[in-house]
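Here are the chains, one letter per residue:
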Amino acid sequence: MDELEKLDEFEQLENMVASEDNQPITMQDLMEDSVMSLSDHEPVQSKILNKYFPSQIKRLQELNDRQEDDSHQEIQEISRLKISNQKLKKENEDKDRQHKRLKKEQEEFESYKKAEMDRIQQLHLENVKSLKRERQLERQEMELLRAQLREQAEGFKSKETRMQSTQERLRKKIQDLETKNRELQDEIKTLEKERARFVERHAAEKPILKKPPLREVRESTMLKTQEELKHADGKRERIYPDGTKLVRLVSTDGTVEYWYSEPKIRHLTYPNGEQLLEFSNGQVERRYQDGTQEILFVDKTEQITFPDGMVKRVQQGKRTITYPDGTVEVHDHGIRTKTYPDGLLKRVFEDGSQEVIWPDGRVRRKNANGVPVS
């Protein structure tokens, strides 16, 4: 205690002494008590207090013990709080370190994320540029391919045009050759007929030597004796020793016309291969390139011969069809009669009824509904 506290204590003690037993405290007692207090290291136990205040001393002692206990508990609590504070401080320091580490990691992550985003953005831009370049190259390649295709198509078209022109020229040449061949064949036939007539006409006057075939005749002296005239309009006229004339005229459209003075036949050959023969008696004959032949006789009878051998003949409303196998079909006044090569005859009447006659004479008849009748 400091000096002020001691003075206060002494004053309280004096008052207490005066109030309890009114015994005066001498200076001697105070000195002895002070000496004892200073000489001992024990808690202050003055003789004066022991002498005059034994109960108070005890109570003070108990109070002192309680204070010591409380102080000890406070010390323990303070120690515990210090330890707890140290733990908390350590935890706070750990948390601060963790927070700093997390903050650093976050900053590093943000930096890494930004770098990655920049890298991805750069890659995206590069990919876009690369894709644009590839598309541009593809467009250029496609344009190049289109141009090549156009060139090839034009080349093919040009080649095709040239081929068609060549084919047309060859076809025309073939047609011209075929026409000339037919003309020569017709001319040979005409000359053969004329030769036959010439031989028959002069057989009674003088003996005629056997002459070679017409193909040899054309190279023989007979051809040397004939006369050929060429007119300005392109007409060619041949005059044979017997006076027979053969006139040939080629029109601008390619039609070739022959005229035979004897037996007065007009023969036309068209560019498509068709032929027309007109006889002096009025008979007209048409020959088509597929082999079909049509004849119109003087009596107005019409006859058509097909390439397969079938012949149709119409005469005064009666139509007759002869098939290649020999079957003959006749249409006359609404009755159709068909005769087979084995002799079987089938007849269909205008009302639809039918009649069949076998070669052995058997007859079967049916009405229009197909029901047999006797």
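Note that the coordinates shown come from a computational prediction; the quantities given were computed from them, not determined experimentally. (Residues numbered from 1 in each chain as written. Predicted model: local features only at pLDDT ≥ 70, side-chain atom pairs only at ≥ 80, totals over all residues. Heavy atoms only, no water.)

1. Some remarks on the pattern of salt bridges
Basically, it comes down to this: Salt bridges are defined by distance alone: a side-chain nitrogen of Lys or Arg within 4 Å of a carboxyl oxygen of Asp or Glu. Helix and strand definitions follow DSSP, with helices as H or I runs of at least four residues and strands as E runs of at least two, each counted in order from the N terminus. Only protein chains enter the accessibility calculation, which uses a 1.4 Å probe; a residue is then buried when its area is under 20% of its type maximum, exposed when over 50%, and partly exposed in between.
Under the counting rule described, the total for this entry stands at 13 salt bridges. A salt bridge links Glu168 to Arg171, with the shortest nitrogen-to-oxygen separation between them at 2.7 Å. Taken together, the positions of Glu168 and Arg171, both in helix α4 (residues 54-202) and 3 residues apart, correspond to about one turn of that helix. Given the relative accessible area of 39%, Arg171 is considered partly exposed. The closest approach of N and O atoms between Glu355 and Arg347, which form a salt bridge, is 2.8 Å. Salt bridges linked by common partners bring Glu257, Arg266 and Glu278 together as one network.

2. Let's talk about the confidence of the model for the chain
Rules: The pLDDT score gives, residue by residue, the confidence of the prediction method on a 0 to 100 scale. We call two residues contacting when some pair of their heavy atoms lies within 4.5 Å.
Of all residues in the chain, 74% attain a pLDDT of 70 or more, and the chain-wide mean is 76. Below pLDDT 50 for its whole length, residues 17-23 participates in 9 contacts with residues either more than four positions away or in separate chains.

3. Description of the packing of aromatic side chains
Here is the rule: Between 30 and 60 degrees the pair is tilted, below 30 it is stacked and above 60 it is edge-to-face, where a pair is any two Phe, Tyr or Trp rings, Trp via its six-membered ring, whose centres lie within 6.5 Å. Geometrically, a charge over a ring is one whose NZ (Lys) or CZ (Arg) sits within 6 Å of the ring centre while staying within 35 degrees of the ring normal.
For the structure shown, the criterion picks out 0 aromatic pairs. Sitting above the plane of the Trp358 ring, Arg362 keeps its charged end 4.2 Å from the centroid.

4. Digging into the nonpolar core
Our working rule: We call a set of buried residues a nonpolar core when its members are Ala, Val, Leu, Ile, Met, Phe, Trp, Tyr or Cys and they connect through side-chain atoms within 4.5 Å of each other.
Core analysis: the biggest nonpolar cluster contains 6 residues, these being Tyr240, Leu246, Val256, Tyr258, Tyr260 and Ile265. Among the elements that line this core, the one with the most residues is strand β4 (residues 256-260), at 3 residues.

5. Focus: a negative patch on the surface
Just so we agree on the cut-off: The patches described consist of residues with a relative accessible area above 30% and no salt bridge, like charges being joined within 9 Å and nonpolar side chains (Val, Leu, Ile, Met, Phe, Trp, Tyr) within 5 Å. Shrake-Rupley sampling with a 1.4 Å probe provides the accessible areas, and residues are treated as covered by the protein chains on show and by no other component. By the counting rule applied here, Lys and Arg register as positive and Asp and Glu as negative, while His and the ends of each chain are not counted. Charge positions are represented by NZ for Lys, CZ for Arg, CG for Asp and CD for Glu.
On the surface, a cluster of negative charge is contributed by Glu62, Asp65, Glu68, Asp69, Asp70 and Glu74. Structurally, Glu62 is set in helix α4. A residue is classified by how much of its surface remains accessible, and Glu62, at 38% relative accessible area, is partly exposed.

6. Considerations on the pairing of strand β13 (residues 335-339)
How we decide: For two strands to be treated as a pair, DSSP must find no fewer than two bridges joining them.
Two elements, strand β12 (residues 328-332) and β13, share 5 bridges in a ladder whose sense is antiparallel. Across the sheet, residue Glu329 finds its bridge partner in β13, namely Lys338. Here β12 folds back onto β13, and the loop between the two strands holds 2 residues, one of which, His333, carries a positive phi near 55°. Here β13 pairs with strand β14 (residues 345-348) via 4 bridges, running antiparallel. Within β14, the residue paired with Arg336 across the bridge is Val348. With antiparallel pairing between neighbouring strands as the criterion, β13 and β14 make up a hairpin whose turn holds 5 residues, including Gly343 at a positive phi of roughly 100°.

7. Quick look at unusual backbone geometry
Backbone geometry places Lys300, a non-glycine residue, at a positive phi of 70°. Residue placement: Lys300 occurs in the loop between β8 (293-296) and β9 (302-305). With a phi angle near 50°, Gln316 is a residue other than glycine that sits in the positive phi range. Residue classification places Gln316 among the exposed residues on the basis of a relative accessible area of 79%.

8. Regarding the side chain of Gln303
This is how the line gets drawn: Pairs of N or O atoms within 3.5 Å make up the polar contacts considered here, provided that, within protein, one atom can donate a hydrogen while the other can accept it, and that residues adjacent in sequence are counted only when both atoms are side-chain atoms.
Mapped onto the secondary structure, Gln303 falls in strand β9. Here Gln303 falls in the buried class, since its relative accessible area comes to 17%. A polar side-chain atom of Gln303 sits 2.4 Å from a polar atom in the side chain of Arg313. Among residues more than four places away in sequence, those in contact with Gln303 are Gln293, Glu294, Ile295, Phe297, Val311, Lys312 and Arg313.

9. A word on the environment of Leu345
Topologically, Leu345 is positioned in strand β14. On the accessibility criterion, Leu345 (16% relative accessible area) is buried. For the pair Leu345 and Val356, spaced 11 residues apart in sequence, the C-alpha separation works out to 5.8 Å. Excluding its chain neighbours within four sequence positions, the residues that come into contact with Leu345 are Thr337, Lys338, Thr339, Glu355, Val356 and Ile357.

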